[in-house]
Amino acid sequence: MAPVEIQDLTKRFGSVEAVKDLSFEIEPGRVTGFLGPNGAGKSTTLRALLGLVRPTAGSATFDGRHYEQLERPGTHVGAVLEDAAFHPGRSGRNHLRVLAVTGDHPQSRVEEVLGIVGLTDAADRPAKGYSMGMRQRLAIASALLGDPQVLILDEPTNGLDPPGIAWMRDLVRGQAGEGRAVLISSHLLAEVAQSVDDVVIIAKGRLRAQGTLERVLGGDEGASTEVRAGEIERLAQALEAAGHRYERAGEALLVLGVAPEQVGELAAAQRVALRYLAPRARSLEAAFLALTADEGAPAWGTPA
Amino acid sequence: MGHAGMSTLLRAELLKLRTTRTFFALVAAALLLSLVIVVLIVLLTDNFDKQEAREIFTSDFSALFILVLGIMGLAGEWRHRTITGTILAAPERLRLLVAKVLAYGAAGALLSLIVTVAIMAVGSLLLSIEDKTTVGISDLADVLWRNLLIAALLGALGVCVGGLVRNQVVAIVAVLIVSFVVEPTLAGVAPEVAKYGPLLNAPNGIIGINPFSEDEPLDEVAAVLVMLGWIGVLFALTAQTLRRRDLV
């Protein structure tokens with residue numbers, strides 16, 4: 001049984017279908033990036049998983065159990081959600097003390113997690129005096145308090161400066177290295193690409209891609225080839241005739257799922273002179289845009 | 001070991017109360033207002049009969065602060081957007097609501113204890129100095145337990161109102177309107193119905209007074225049952241909405 005299993009999850013808010021028939025799992029010891037455009041249903045999915053939102057259909061479970069069924073949920077799941085908030089008049093230490101009492105965690109754990117996130121010196125200040133980065137660190141400390149086996153992080157690098165982002169990357173990899181399952185939802189694709197093993201991409205509430213980072217970057221077909229040629233149109237026609245898919249990027253073609261040798265042979269057969277031929281994995285951003293094009297939020301306009 | 005037990009949740013709620021200034025600020029405000037009013041009443045009134053002297057120490061002055069405390073106990077979670085974190089830590093929402101009702105009932109009683117003891121001490125001293133009718137220990141003790149009971153019930157009621165309305169300001173304004181407008185007006189136009197009002201008239205029944213008319217108030221057992229009935233209804237409504245609400 002997977003630590004986290006989303007099975008045919010559907011959530012409707014009135015007439016709006018936020019999530020539709022979504023299924024995926026996350027595995028222990030791996031970091032999974034959960035990506036999608038604004039309004040794709042990521043937040044709804046995470047909240048359904050955490051029992052904050054009731055699914056219309058399907059299920060979202062931890063080791064086969066719903067969040068509300070978990071004994072001492074803090075020892076199973078730690079979550080940092082995008083709207084993590086704290087009583088402004090309560091200090092960081094007292095916030096964690098309250099969570100420790102509620103979750104039946106030892107009070108010594110409060111000092112441990114304060115040390116992990118680097119908030120010990122500021123722990124007795126009321127939360128209203130915390131910077132955004134400090135509030136984010138407190139949210140992370142709250143998630144780590146129960147030493148959970150699953151970490152769910154929604155935009156965890158919000159408010160963190162570059163050293164903080166690097167720290168988060170190390171933390172995430174470290175947690176996965178200790179066998180925990182980590183699910184990160186983030187808009188910072190370049191950062192996600194450095195941290196994750198697997199990727200789940202959704203758009204308009206539906207699954208668009210799922211798999212290892214390499215597989216998703218290479219497309220369904222696997223690794224791709226970048227090629228530039230003098231007669232690029234003729235090459236493109238030849239590729240189409242051979243049943244290959246490609247993406248156009250200026251004067252270059254990214255031929256999906258085809259090795260450089262095959263592209264070279266095809267070009268030679270068509271007597272098309274090549275200027276550049278090399279294997280290339282797409283950036284996560286390119287893969288993300290390709291997979292979610294026309295599916296997401298209203299398109300951005302053209303910059304002035 | 002299953003979900004957080006009731007005692008665990010109760011301890012957490014009481015720790016929340018102790019770790020912000022809200023409770024202490026409300027105690028201070030209730031104490032200040034009550035002391036000022038008691039001092040003014042004692043000094044500006046020529047003399048009292050025994051019943052009037054007893055009524056100096058009844059709970060009217062701190063009741064609204066206790067209601068506000070209860071309202072903030074749950075509506076405050078929405079105001080500060082901490083409700084998500086609270087429910088993640090305590091996903092059994094019904095149990096969480098019960099813990100809050102119990103915690104704020106206890107907090108209300110503590111607030112009332114502090115205020116009542118203070119006004120009894122200051123008021124009795126002033127009455128003695130002014131050579132006016134004083135209240136014996138047994139009568140003071142009688143007022144004290146009634147005040148504490150009313151406070152506990154109002155604290156619990158406040159949580160339910162706060163949970164149902166969710167907007168802290170709207171909830172507080174609503175209880176002010178009910179306390180200062182609706183129930184007094186009803187007492188004038190429909191006194192038999194007004195007796196069952198939860199914020200003013202039923203508590204007056206527990207104390208044994210009816211400031212609005214010569215009619216007898218509800219007897220104390222009936223008054224307690226009425227308040228428990230109001231708490232029960234509001235608790236059920238709040239529990240229903242809390243359990244079904246999607247936290248988006």
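Treat the numbers as computed from the prediction; the structure is a model and nothing was measured. (Residues numbered from 1 in each chain as written. Chains lettered and ligands numbered in written order. Predicted model: local features only at pLDDT ≥ 70, side-chain atom pairs only at ≥ 80, totals over all residues. Heavy atoms only, no water.)

A. Structural detail: the overall build of chain A. Of regular secondary structure, chain A possesses ten helices and 13 strands. When its C-alpha atoms are laid out on the principal axes, chain A stretches across 75 × 40 × 40 Å. Across the 304 residues of chain A, 51% fall into the buried class. Sequence-distant contacts, at least 24 apart, represent 69% of the contacts inside chain A between residues at least 6 apart. For chain A, the centre of its 32 positive side-chain charges and the centre of its 39 negative side-chain charges are spaced 4 Å apart. (Helix = DSSP H or I, 4+ residues; strand = E, 2+ residues; numbered from the N terminus. Buried < 20%, exposed > 50% of the residue type's maximum accessible area, 1.4 Å probe, protein only. Contact = heavy atoms within 4.5 Å. Lys, Arg positive; Asp, Glu negative; His and termini not counted. Charge placed at Lys NZ, Arg CZ, Asp CG, Glu CD.)

B. Structural detail: the pairing of strand E8 (residues 198-203) of chain A. All names here are of chain A. Within E8, six of the six residues are buried, which leaves it mostly tucked inside the rest of the structure. Relative to strand E9 (residues 206-212), E8 is paired through six bridges, and the arrangement is antiparallel. Note that in E9 the partner of Ala203 across the bridge is Arg206. Joining the antiparallel neighbours E8 and E9 is a turn of two residues, in which Lys204 adopts a positive phi near 50 degrees. (Pairing = 2+ DSSP bridges.)

C. Local environment of the domain arrangement of chain A. Residues and elements named next belong to chain A. Segmentation of chain A into domains returns domain 1 (4-204) and domain 2 (220-292). A C-alpha centroid distance of 39 Å is found between domain 1 and domain 2. Contact residues are listed per partner, giving nine residues for domain 1 and five residues for domain 2. Carbon and sulfur atoms supply 95% of the area buried between domain 1 and domain 2, which totals about 590 Å² over both sides. Among the residues of domain 1 in contact with domain 2, Pro37, Leu189 and Ile201 are the three that bury the most area, contributing 67% of the side total. One can count zero salt bridges joining domain 1 with domain 2. Here domain 1 and domain 2 share zero residue pairs in polar contact (both at pLDDT 80 or more) between them. When contributions to the side of domain 1 that touches domain 2 are tallied by element, the ones reaching two or more residues are helix H6 (189-195) and E8. Partitioned by chemical class, the residues of the side of domain 1 that touches domain 2 number eight nonpolar, one polar and no charged. (Domains from an automatic or database assignment. Buried area = accessible area lost by both parts, 1.4 Å probe. Salt bridge = Lys/Arg side-chain N within 4 Å of Asp/Glu carboxyl O. Polar contact = N/O pair within 3.5 Å; in protein donor to acceptor, adjacent residues only side chain to side chain. Nonpolar A, V, L, I, M, F, W, Y, C, P; charged D, E, K, R; others polar.)

D. Seen up close, the packing of helix H2 (residues 92-103) of chain A against helix H1 (residues 6-18) of chain B. Relative to each other, H2 of chain A and H1 of chain B sit at 170 degrees, their axes nearing to 8 Å. By the criterion of interaxial angle, the relationship of H2 of chain A to H1 of chain B is roughly antiparallel. Of H1 of chain B, the residues touching H2 of chain A (which contributes Arg97, Val98, Val101 and Thr102 of chain A) are Thr8, Leu9, Arg11, Ala12, Leu15 and Lys16 of chain B. Looking at the contact of H2 of chain A with H1 of chain B residue by residue, the class counts come to five nonpolar, two polar and three charged. (Axes fitted to C-alpha atoms, helices over the stretch in contact; angles between N-to-C directions. Parallel < 35°, antiparallel > 145°, perpendicular 65-115°, else oblique.)

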